[in-house]
Amino acid sequence: MKTLLLIDGSSYLYRAFHAMPDFRNKEGFPTGVIYGVLNMLQNTHKKYESTYSVCVFDAKGKTFRNDIFEDYKANRPKMPDDLSIQIEPLHKAINAMGWPILIKKGVEADDVIGTLAKKANEENISVTISTGDKDLAQLVNKNTSLVNTMTNEYLDTDGVKAKFGVSPNLIIDYLTIIGDKADNIPGVDKVGPKTALKWLNEYNSLDNIIKNADQITGAVGENLKNSLKWLPVAKDLISIRSELDIDVSWDQFKKTSEDKSALKKMYQEFNFSSWLKNLDTNKTTSPSGEKNQNDYAEFDNQKKYDLIQNSAQLKV
């Protein structure tokens, strides 16, 4: 079976930003995110070899979910400048290393990932999604699994059931009931995972819970009744779109040869000395290799990146 590796690039951005030291080049330009994401991508591709792969990023600007709910993600602070200015050079570096990137305006990376996963499954291509986003658990099936590179967690259908208490086909209903604080999506007031699982075990779906709301008594029953108009909206917000108009030619997601000229220019600009040395000696541009006192702290995959505080966030 052919395989497709889908990387949630936006989650990699924030993971690197929060885990990496404040690396900067000689001109003071921040480079920690660029360095961290390239390391994670390199190691993810090594560990999860695939026929095709693509790194998916969120596009700038609002999405259709903001049209549905004005306060969608309104609780999130503005992207830090030191992160935002690294995104464009990071994209260029990823392309120069031969890894495809996909960005689609008006939707989120999750929706692009969902659409590609569905198209791949329809063509008997096995899918691995690299992410730490719980929402993507709704995409898991017999041919699609999740890997969390932060914790080395692997989730197939049984793994999703063990982790959340429900099968992948009920993840949307589950998250709708409890809400999603990260995206500022309210659920049923004061209802958490335990009650949500109880309701789903008893009524089998959110639709049935809504139909039988009058049968649920007490304070939680009142909270449920007060949420009946909102729950379909919340479910729509949480549901990943898998029918986007994306013209897919799988060959476009094959790794291509490195653009060594472009990489050399970037490595020089960002003072990635050891990578530059590897490039000049025709070695692979992996994060390991001979150490250089003028280079940033090298990551040692065997030592689990223990040179970096909170290094678990960069494990593969």
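Summary of the structure given here. Small disclaimer: the values here were computed from a predicted structure and weren't measured.

By volume, the largest pocket is sized at about 1,600 Å³. Lining the largest pocket are 44 residues; nearest its centre among them are Y14, D58, K73, R76 and M79. Secondary-structure elements contributing two or more residues to the lining of the largest pocket are α1 (9–19), α4 (81–96) and α5 (109–122). Ranked by residue count, the leading element in the lining of the largest pocket is α1, at 7 residues.

The subject of this paragraph is helix α8 (residues 193–203). Turning to α8, its buried residues are A196, W199, L200 and Y203. When α8 is viewed along its axis, its buried side chains cluster within an angular range of 95° and face the same direction. In α8, those exposed residues whose orientation departs by more than 90 degrees from the buried face are K194, K198 and N201. On its buried face, α8 is in contact with α7 (171–178), α9 (206–211) and α10 (218–226). Taken from the residues just after α8, N204 is the one with a positive phi, measuring 75°.

Going through the model one piece at a time under the given rule, you end up with 2 cavities of 30 Å³ or more. Looking at the largest cavity, its volume works out to about 70 Å³. As for the largest cavity, its lining consists of R65, Y72, E108, D110, D135, D180, D183, I185, L237, I238 and I240. For the lining of the largest cavity, a count of residues per class yields 5 nonpolar, no polar and 6 charged.

On to the pairing of strand β1 (residues 3–8), then. Across the 6 residues of β1, 5 count as buried, placing the element largely inside the fold. By the bridge criterion, 5 bridges tie β1 to strand β4 (residues 126–130) in an arrangement that is parallel. Residue I7 lies in a different strand from β4, and its bridge partner there is S130. Inspection of the sheet shows β1 paired to strand β2 (residues 52–56) by 5 bridges, in the parallel sense.

Packed helices, taken two at a time, are described by the angle between their axes plus the distance between the axes. Across the interface, helix α2 (residues 32–47) lies against α4 with an axial gap of 8 Å and an inter-helix angle of 40°. In this view, α2 runs oblique relative to α4, as classed from their interaxial angle. In this structure, α2 meets α4 at a crossing whose hand is right-handed. Facing α2, whose interface residues are G32, V33, I34, V37, L38 and L41, α4 presents L83, Q86, P89, L90, A93 and I94. Looking at the contact of α2 with α4 residue by residue, the classes come out as 10 nonpolar, 2 polar and no charged.

Here we come to the side chain of T115. Here T115 is to be found in helix α5. Using a relative accessible area of 1% as the deciding quantity, one classes T115 as buried. Apart from residues lying up to four places away in sequence, T115 is in contact with R241, S242, E243, L244 and I246.

Our focus in this paragraph is the side chain of D183. As for its position among the elements, D183 is in the loop between α7 and α8. Non-local contacts of D183, meaning those with residues more than four positions away in its chain, are made with Y72, K73, N75, R76 and D135.

Another aspect to go through is the pairing of β4. Of all the 5 residues making up β4, 4 are buried; the element is thus mostly covered by neighbouring parts of the structure. One ladder, built from 4 bridges, connects β4 with strand β5 (residues 144–148); its direction is parallel. Residue pairing in the sheet places T128 in a bridge with S145 of β5.

The next point concerns the sheet that holds strand β3 (residues 101–102). Spatially, 6 strands are ordered β3-β2-β1-β4-β5-β6 in an open sheet, and the strand pairing comes out mixed. Taken across any chain shown, the strands that pair with only one partner, and hence form the sheet edges, are β3 and β6 (153–155).

Following the criterion strictly, the structure yields 12 aromatic pairs and no others. What links up through ring pairs into an aromatic cluster is the set F23, F29, Y35, Y267, F270, F272 and W275.

When glycine is set aside, most residues are seen to have a negative phi, and most peptide bonds are trans. Here the phi dihedral of N184 falls at roughly 60°; this positive angle occurs in a residue that is not glycine. Looking at the element boundaries, N184 is found in the loop between α7 and α8. Judged by its relative accessible area of 26%, N184 is partly exposed.

Our next topic: helix α12 (residues 260–269). The set of residues buried in α12 consists of L263, M266 and Y267. Relative to the axis of α12, the buried residues are bounded by an arc of 100° and lie together on one face. Opposite its buried face, α12 presents the exposed residues S261 and K265, each directed more than 90 degrees away. Looking at the packing, one finds that the buried side of α12 touches α4 and α13 (273–280). After α12 finishes, the residue N271 shows a positive phi value of roughly 60°.

Cut-off values and rules
- Residues numbered from 1 in each chain as written.
- Predicted model: local features only at pLDDT ≥ 70, side-chain atom pairs only at ≥ 80, totals over all residues.
- Heavy atoms only, no water.
- 1 Å grid on protein atoms, 1.4 Å probe; cavity = no way out; pocket = protein on both sides within 12 Å on 5 of 7 lines; lining within 4 Å.
- Points joined across faces, edges and corners; volume = space filled by probe spheres on them.
- Helix = DSSP H or I, 4+ residues; strand = E, 2+ residues; numbered from the N terminus.
- Buried < 20%, exposed > 50% of the residue type's maximum accessible area, 1.4 Å probe, protein only.
- Arc of directions from axis to C-beta.
- Contact = heavy atoms within 4.5 Å.
- Nonpolar A, V, L, I, M, F, W, Y, C, P; charged D, E, K, R; others polar.
- Pairing = 2+ DSSP bridges.
- Axes fitted to C-alpha atoms, helices over the stretch in contact; angles between N-to-C directions.
- Parallel < 35°, antiparallel > 145°, perpendicular 65-115°, else oblique.
- Left-handed = near helix turned anticlockwise from the far one by under 90°.
- Phe/Tyr/Trp six-rings, centres within 6.5 Å; stacked < 30°, edge-to-face > 60°.

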